[in-house]
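Single-letter residue listing:
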Amino acid sequence: MSKWVDIIDSKGTTRITDDFARLQFLDFQEEDVQTTVNSLEVKGTDGVLVGSSTFAPFKLILRFAYVGTDIKDYHLFKTRIRQTIYKREAYYIVQSDMPGRKYAVLPSSISYEDKYGKNGEVTIEFTVFKGYAESLKDTSDITFLTDYWQWENGVITDDIAYSFDGPRFSVWNGSFDTIDPLMRHELVIEIKGVSDNGITITNHHTGDVFKYNKSLSQGSTLKIDGVHPYLNSSRAGIDTNHEYIKLVPGWNNIEIAGLKGDIKVNFKFSFIYR
């Protein structure tokens, strides 16, 4: 099977190696991870107080070969590839060497090494502005028997699920890192059930405790979208303890107290990779 590169944007998916019949994807390179250490120097004390590190954007470099029919065709290709790569909005890149990962990118540069007038090697450099790659699919579209997933944390089992109908369950995070909404990582938790005096969500692996202090009626949905809670479509942060839930790599034991009757809970997030 030939190698390929896809662009995913708001209009859909474009396989640029199909759009350009004589364009061959050669290989890719990820720039090394760059971290920023958040520290605080206190006068009168040795050293610094070290906070959590953040991951800076990095470069994704794709190399292609183009075999033109003549020099005019080669120059026309250069014009068309610029129109394809340079867009006003950010988009995702997916490529066949790592088909389970997508990179949120902004294009940085296109360079050419011309060969024999009508051929050339093309190097396209992108900035992965989020500082990490993501799984191609999120957990709302979980199909483990496909190439949509590339596991970082060992062997998985058939016990993995992201929809639950009880107050105690385990959520598996296949990421390299902790899913932390404060870092702008995607995490959406939806809860349906009845509660007279509010609910409490606890992740026993992180110690995170989220509390919603009002009642829930039949048919209502409490959604925690990152750090923002909603009751149905209305903001509900004022009725909470202003905390949120994180997910460590691997298993997370979750408990929801205060619900009764039929319970439906859904977790939606993408795995993240450094």
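Look up a bit, the structure's there.
Residues numbered from 1 in each chain as written. Predicted model: local features only at pLDDT ≥ 70, side-chain atom pairs only at ≥ 80, totals over all residues. Heavy atoms only, no water.

Asks: Even after reading the chapter, I still don't get the packing of aromatic side chains, so can you show me in this structure?
Replies: Where two aromatic rings form a pair, the distance of their centres and the angle of their planes describe that pair. Summed over all chains, the structure comprises 11 aromatic pairs. With centroids separated by 5.4 Å and ring planes inclined at 90°, the aromatic side chains of phenylalanine 20 and phenylalanine 77 adopt a geometry described as edge-to-face. Here phenylalanine 20, found in the loop between helix H1 (16–19) and strand S3 (23–30), pairs with phenylalanine 77, found in helix H2 (residues 71–85); they are 57 residues apart in sequence, far enough to count as distant. Take phenylalanine 20 and phenylalanine 77: they sit in the same class, and that class is buried. Between tyrosine 66 and tyrosine 74, the ring centres sit 6.2 Å apart and the planes meet at 20°, which makes this aromatic pair stacked. Comparing tyrosine 66 with tyrosine 74 shows no difference in burial state: the two are buried. Taken together through their ring pairs, the aromatic side chains of Phe20, Tyr66, Tyr74 and Phe77 make up a single cluster. Directly above the ring of tyrosine 92 sits lysine 102, whose terminal nitrogen or CZ lies 4.5 Å from the centroid. Lying across the ring of tyrosine 230, lysine 223 places its NZ or CZ 5.8 Å from the centre. (Phe/Tyr/Trp six-rings, centres within 6.5 Å; stacked < 30°, edge-to-face > 60°. Helix = DSSP H or I, 4+ residues; strand = E, 2+ residues; numbered from the N terminus. Buried < 20%, exposed > 50% of the residue type's maximum accessible area, 1.4 Å probe, protein only. Lys NZ or Arg CZ within 6 Å of the ring centre and 35° of its normal.)

Asks: Sorry, what's going on with the environment of glutamine 95 here?
Replies: Within the fold, glutamine 95 resides in strand S7 (residues 91–95). Glutamine 95 sits in the buried class, given a relative accessible area of 0%. Along the primary structure glutamine 95 and valine 5 are separated by 90 residues, whereas in three dimensions their C-alpha atoms are 4.3 Å apart. Filtering out sequence-adjacent residues up to four positions away, glutamine 95 remains in contact with Trp4, Val5, Phe25, Phe28 and Leu62. At 2.8 Å, the side chain of glutamine 95 forms a polar contact with the backbone nitrogen of aspartate 97. (Contact = heavy atoms within 4.5 Å. Polar contact = N/O pair within 3.5 Å; in protein donor to acceptor, adjacent residues only side chain to side chain.)

Asks: Looking at this structure, I do not really get the pattern of salt bridges. What am I missing?
Replies: Side-chain pairs of opposite charge can arise whenever the charged atoms involved come near each other. Throughout the structure, instances matching the rule amount to 17 salt bridges. In this structure, the salt-bridge partner of glutamate 134 is lysine 130, at a minimum N-O distance of 3.0 Å. Residue glutamate 134 is classed as buried on the basis of its relative accessible area of 6%. For aspartate 177, the salt bridge identified is with arginine 274, shortest N-O distance 2.8 Å. Pair noted here: aspartate 177 is in the loop between strand S12 (168–173) and strand S13 (188–194) and arginine 274 is in the segment after strand S21 (272–273), with a separation of 97 residues, a long-range link. With a relative accessible area of 18%, arginine 274 lands in the buried category. The network of salt bridges with shared partners includes Asp27, Arg63 and Glu121. (Salt bridge = Lys/Arg side-chain N within 4 Å of Asp/Glu carboxyl O.)

Asks: Whenever I open this one, the pairing of strand S6 (residues 58–67) confuses me. Can you help?
Replies: Put simply, side chains in a regular strand alternate between the two faces of the sheet. Counting buried positions over the 10 residues of S6 gives 7, a clear majority of the element. In the sheet, S3 pairs with S6 via 7 bridges, with the strands oriented antiparallel. Within the sheet, the bridge partner assigned to aspartate 27 lies in S6 and is arginine 63. Pairing between S6 and strand S9 (residues 119–128): 10 bridges, direction antiparallel. The residue of S9 that forms the bridge with arginine 63 is threonine 123. (Pairing = 2+ DSSP bridges.)

Asks: Looking at this structure, how should I read the side chain of histidine 185?
Replies: As for its placement among the helices and strands, histidine 185 is situated in the loop between S12 and S13. Once residues within four sequence positions are removed from consideration, histidine 185 is found in contact with Tyr132, Thr178, Ile179, Asp180, Ile272 and Arg274.

Asks: How do you make sense of the sheet that holds strand S16 (residues 221–225) when you look at a structure like this?
Replies: Here we have 6 strands laid out as an open sheet, ordered S11-S20-S13-S16-S17-S18, and antiparallel in their pairing. Of all strands in the sheet, those bounded by a partner on one side alone are strand S11 (163–164) and strand S18 (234–235). With 2 bridges connecting them, S11 and strand S20 (residues 260–268) associate as antiparallel partners. Residue serine 163 lies in a different strand from S20, and its bridge partner there is asparagine 266.

In short, shape yes, function no, at least from these values alone.
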